[in-house]
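These are the residues of each chain, in order.
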Amino acid sequence: MKTLTEHDIRASFVNSTKGEAKRMHVPRDLGERPWDDLDFLGWTDPAAPDRSYLVIELDGRLMGIALRRAQQAGRARKTMCSWCLTTHSGDGVSLMSARKAGKSGQMGNTVGVYICADLRCSLYLRGKKSAGPGSRFKESITVDEQVERMVSGVRAFLDRVNS
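Residues numbered from 1 in each chain as written. Predicted model: local features only at pLDDT ≥ 70, side-chain atom pairs only at ≥ 80, totals over all residues. Heavy atoms only, no water.

*Asks:* Give me the lowdown on the overall build of the chain, citing residues and values where you can.
*Replies:* On a plain count of helices and strands, the chain comes out with five helices and seven strands. With the principal axes as the frame, the chain shows a C-alpha extent of 45 × 40 × 30 Å. Taking all 163 residues of the chain together, 42% fall into the buried category. Residue pairs at least 24 apart in sequence account for 58% of intrachain contacts in the chain once pairs closer than 6 positions are excluded. When the accessible area of the chain is evaluated, it comes to approximately 9000 Å², of which 49% is carbon and sulfur surface. Of the charged side chains in the chain, 26 are positive and 19 negative, and the gap between their average positions amounts to 7 Å. (Helix = DSSP H or I, 4+ residues; strand = E, 2+ residues; numbered from the N terminus. Buried < 20%, exposed > 50% of the residue type's maximum accessible area, 1.4 Å probe, protein only. Contact = heavy atoms within 4.5 Å. Areas by Shrake-Rupley, 256 points an atom, 1.4 Å probe, with all protein chains shown as cover. Lys, Arg positive; Asp, Glu negative; His and termini not counted. Charge placed at Lys NZ, Arg CZ, Asp CG, Glu CD.)

In structure tokens form, the structure reads like this:
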């Protein structure tokens, strides 16, 4: 992924108003991010841990979405991320929902997906971050193919947000 600026990030959101995008917390460590290992930029708002954001470049266009993390209920168990297929214990995977874009979102419609709560899927796939022993299954496809599968999952989710 190419290095993004704060302006690029704020201008990319499809399910937020301009005012919401202006007020959102953007990471201050953009210059220190491992851009070569990222397929999308994802972060959690430090002031509101139930809010997360994701920005990805698809077809030459940046697209950002605001996400809400569902409250965890019940006891901790192992759960698998729908995008990178990393298994986490406890609250490492969360149901994230995104308000739909346009009129549908204004009416309160949302879509959801179970994904890594820290949005570090790219780093798990590349072995740059670990969720612990047994968290990644040995796959017969290459890392590039795994990345392609993950990006397809992100794209499908964004298509649902934009539909």
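*Asks:* Can you explain helix H5 (residues 143–162)? Please cite residues and give values.
*Replies:* Count 3.6 residues to each turn of an α-helix, and residues three or four apart come out pointing the same way. Between its first and last C-alpha, H5 extends 28 Å over 20 residues, near the 28 Å set by a 1.5 Å rise per residue. Inspection of H5 places Gln-146, Val-147, Met-150, Val-154, Phe-157, Leu-158 and Val-161 among the buried residues, and these make up the whole buried set. Looking straight down H5, one finds that the buried residues subtend no more than 115° of arc, so they occupy a single side. Exposed side of H5, more than 90 degrees from the buried face: Asp-144 and Glu-148 are the residues found there. (Expected span 1.5 Å × (residues − 1). Arc of directions from axis to C-beta.)

*Asks:* Can you lay out the layout of surface pockets for me, pointing to particular residues and giving the numbers?
*Replies:* In this structure, the largest pocket occupies an estimated 340 Å³ of space. Residue lining of the largest pocket: 16 residues in total, with Glu-20, Arg-51, Ala-66, Arg-68 and Arg-99 positioned closest to the centre. Mapped by element, the contributors of at least two residues to the lining of the largest pocket are helix H2 (18–23), strand E2 (51–58), strand E3 (61–69) and strand E6 (93–99). The residue inventory of the lining of the largest pocket, partitioned by class, reads five nonpolar, five polar and six charged. (1 Å grid on protein atoms, 1.4 Å probe; cavity = no way out; pocket = protein on both sides within 12 Å on 5 of 7 lines; lining within 4 Å. Points joined across faces, edges and corners; volume = space filled by probe spheres on them. Nonpolar A, V, L, I, M, F, W, Y, C, P; charged D, E, K, R; others polar.)

*Asks:* For unusual backbone geometry, give the residues involved together with the corresponding values.
*Replies:* The phi torsion of most residues other than glycine is negative, and most of the peptide bonds are trans. Although it is not a glycine, Leu-85 sits at a positive phi angle of roughly 60°. When you line up the elements, Leu-85 lands in the loop between strand E4 (79–80) and strand E5 (87–88). Phi at Leu-119 is positive, roughly 55°, even though this residue is not glycine. A relative accessible area of 3% means that Leu-119 is categorised as buried.

*Asks:* If you had to explain the packing of aromatic side chains to someone new, which residues and values would you point to?
*Replies:* What the rule picks out here adds up to four aromatic pairs. Plain terms: the ring middles of Phe-13 and Tyr-53 are 5.9 Å apart, the flat faces sit at 85° to each other, and that makes the pair edge-to-face. Taken together, the residues Phe-13 in the loop between helix H1 (6–11) and H2 and Tyr-53 in strand E2 connect sequence positions 40 residues apart. Of the two residues, Phe-13 and Tyr-53, neither departs from the other in class, the shared state being buried. A centroid spacing of 5.3 Å and a plane angle of 35° characterise the contact between Trp-43 and Tyr-53, whose relative ring orientation is tilted. Here the residue Trp-43 occupies a position in strand E1 (residues 41–44), and Tyr-53 occupies one in strand E2, the gap between them amounting to ten residues. Comparing Trp-43 with Tyr-53, the two get one shared label, buried. (Phe/Tyr/Trp six-rings, centres within 6.5 Å; stacked < 30°, edge-to-face > 60°.)

*Asks:* Tell me about the environment of Arg-51, and name the residues and values.
*Replies:* Tracing the backbone shows Arg-51 in strand E2. What makes Arg-51 partly exposed here is its relative accessible area of 32%. Taking the C-alpha atoms as reference points, Arg-51 and Leu-62, eleven residues apart in sequence, are found 20 Å from one another. If we skip the residues at most four places from it in the chain, Arg-51 touches Thr-44, Asp-45, Leu-67 and Arg-68.

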